[in-house]
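Residues per chain are reported as follows:
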Amino acid sequence: MSLPASLPIPDEVLDIARTLEGAGYETWCVGGALRDTLLEHPHSDYDLATAATPAQVQALFKRTAPVGEKYGTVGVLDRHRVVHEVTTFRQDVATDGRHAVVSFGVSIDDDLARRDFTINALAYHPIRHDWRDPFRGEPDIRHGVVRAVGDAAQRFREDYLRILRALRFAARFRFSIEPDTWAAAVAGADGLTRLSAERVRDEWFKGLASAHSVAELVKLWRESGAAAHLIPELERVSSELLDRASAVGPSRRDPILLTALLSADPAATLRRLKASGAEIDRVAAIAAGPESPAGPDDTSVRRWLAATGRAADDLLAIWSMRHGGTPPWAESVAGIRGRGEPLTRGALAIGGSDLQEIGATGKRIGEILAALLERVLDDPSLNTRESLLALAREML
Ligand code: ATP
Ligand code: MG
């Protein structure tokens, strides 16, 4: 492979580039989509880099959306209201390992120079079919190499997230990390603790979702020192468990579920990574379990489904990853759900007001409903109005 004579750029992107170029602003396709196209991987939209300032971009298009104006990115909406990112050529004038102060008014080559890896630092001109590859990203893509643009140690000091990005790209494309880049990553790993929890979490989740193999990603996090500094729980995962986790293909990967599998205390891990309350609740419910019903019989499985509630499907998936294969009670779960058997108080044939009518009051109402649910979990055929009212009268 060398750089192809031309690329099939979608009309919507081409229209935006034509408008910008027509107004006198040089405009190039840049970023991950070029890399993915050359690798023949499915990819997201082409990002555009332009000489126009954000204000000039906004003035040229009827519909725009603020995406990251501080960093020069304006979203341009096409006629299907799909957003395309247009970013002004920029240079990072000051960096502190976490943020950059940017300046505009530079060339495409300057813009490529501030990008992280050679594989991400190509540009393609969608109208002139011209390429720019000043850091020789094309041979690195061809040979499968993640290599920092310029001095790796300095590039990681500017933004430590690049270390995690290197691990992610290596695991996603099965690329190797060029020795100087790898050495700089290992040497700079202690700087990772300066990153915000949100950026680390996004990288970790993206890494899990895109890795060719989860085991490979975790291996890279461990060997680079990223795990020790950011998610030390990963140090203790057995290789057997990693192999199982890797059996799930990227299209079916759920980063929350995988974190629950790989961490001994997933709620603490996700709290530290500032995940959402819903995500933390979800893994806390998984950790609370129980992992499996007391037995594979329908009654035990109904009790387990009632106890675990919305965590049941996560627990089934975790069991499969932990032990391999399908849990022996999966069939019973399917049967119980298929027959629509009641598993919650809300599914009982009578409610609190029915109990009031027969004379129950106060907290006794809740106690009776709980006792009735117990009976119905043992025997779903009891879930009729008559049977439950008869049972309730005995409990008054
Ligand atoms: P993905 O498939 O994950 O979207 P990508 O390469 O498109 O991969 P983005 O995060 O979308 O990654 O960023 C787009 C481009 O911006 C990258 O290809 C790279 O050139 C540049 N870039 C992104 N993050 C950084 C960073 N932290 N440091 C330097 N350049 C970066
Ligand atoms: Mg991208």
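Analysis parameters
- Residues numbered from 1 in each chain as written.
- Chains lettered and ligands numbered in written order.
- Predicted model: local features only at pLDDT ≥ 70, side-chain atom pairs only at ≥ 80, totals over all residues.
- Heavy atoms only, no water.
- Helix = DSSP H or I, 4+ residues; strand = E, 2+ residues; numbered from the N terminus.
- Contact = heavy atoms within 4.5 Å.
- Core = buried A, V, L, I, M, F, W, Y, C linked by side-chain atoms within 4.5 Å.
- Buried < 20%, exposed > 50% of the residue type's maximum accessible area, 1.4 Å probe, protein only.
- Near = heavy atom within 4 Å.
- Polar contact = N/O pair within 3.5 Å; in protein donor to acceptor, adjacent residues only side chain to side chain.
- Areas by Shrake-Rupley, 256 points an atom, 1.4 Å probe, with all protein chains shown as cover.
- 1 Å grid on protein atoms, 1.4 Å probe; cavity = no way out; pocket = protein on both sides within 12 Å on 5 of 7 lines; lining within 4 Å.
- Sits in = over half its atoms within 2 Å of the grid points.
- Pairing = 2+ DSSP bridges.
- Axes fitted to C-alpha atoms, helices over the stretch in contact; angles between N-to-C directions.

Student: Is there a simple way to think about the environment of Ala312 in this case?
Tutor: Considering the arrangement of structural elements, one finds Ala312 in helix 17 (residues 312-323). For the pair Ala312 and Leu258, spaced 54 residues apart in the sequence, the C-alpha separation amounts to 16 Å. The contact partners of Ala312, leaving out residues within four places of it in the chain, are Trp304, Leu305 and Arg337.

Student: Explain the side chain of Asp111 here, please?
Tutor: With respect to the helices and strands, Asp111 occurs in helix 4 (residues 108-113). Ignoring any residue separated from it by four or fewer positions in sequence, one finds Asp111 in contact with Ala49, Thr88, Phe89 and Arg90.

Student: In this structure, what is going on with the nonpolar core? I would like to understand it.
Tutor: A general tendency of soluble globular proteins is for nonpolar side chains to be buried together. By size, the foremost hydrophobic cluster in this structure holds 109 residues, and its most contacted members are Val146, Leu164, Leu192, Trp204 and Trp221. In terms of residue count, the dominant contributor to this core is helix 7 (residues 161-173) (nine residues). Not counting the four nearest positions on each side in its chain, Trp221 is found in contact with Leu164, Leu167, Val200, Trp204, Ala226, Ala227, Leu230, Ile231 and Leu234. With eight residues, the next largest nonpolar core counts Trp28, Phe89, Val106 and Leu112 among its residues.

Student: What is the right way to read the site of ligand 1 from this model?
Tutor: Contacts to ligand 1 come from 13 residues, most closely from Arg35, Asn120, Asp159, Arg162 and Arg168. One nitrogen or oxygen atom from the side chain of Arg172 is found 2.9 Å from an oxygen atom belonging to ligand 1. Coverage of ligand 1 by the protein amounts to 76% of the 580 Å² it exposes when considered alone. Comparing atom positions with the cavity grids shows ligand 1 to sit within the largest pocket. Elements with a minimum of two residues in the shell around ligand 1: helix 2 (32-38) and helix 7.

Student: So what exactly am I meant to see when it comes to the sheet that holds strand 3 (residues 64-68) here?
Tutor: Strand pairing in a sheet is mediated by backbone hydrogen bonds. Such pairs are either parallel or antiparallel. Pairing within the open sheet is mixed, and its seven strands lie in the order 3-4-5-2-1-8-9. Only two strands of the sheet have a single partner each, and these edge strands are strand 3 and strand 9 (130-132). On average, each strand axis in the sheet is tilted by 30 degrees relative to the strand beside it, whichever way the strands run. Sheet analysis places strand 8 (residues 123-125) next to strand 9, joined by three bridges and oriented antiparallel. Residue pairing in the sheet places His125 in a bridge with Asp130 of strand 9.

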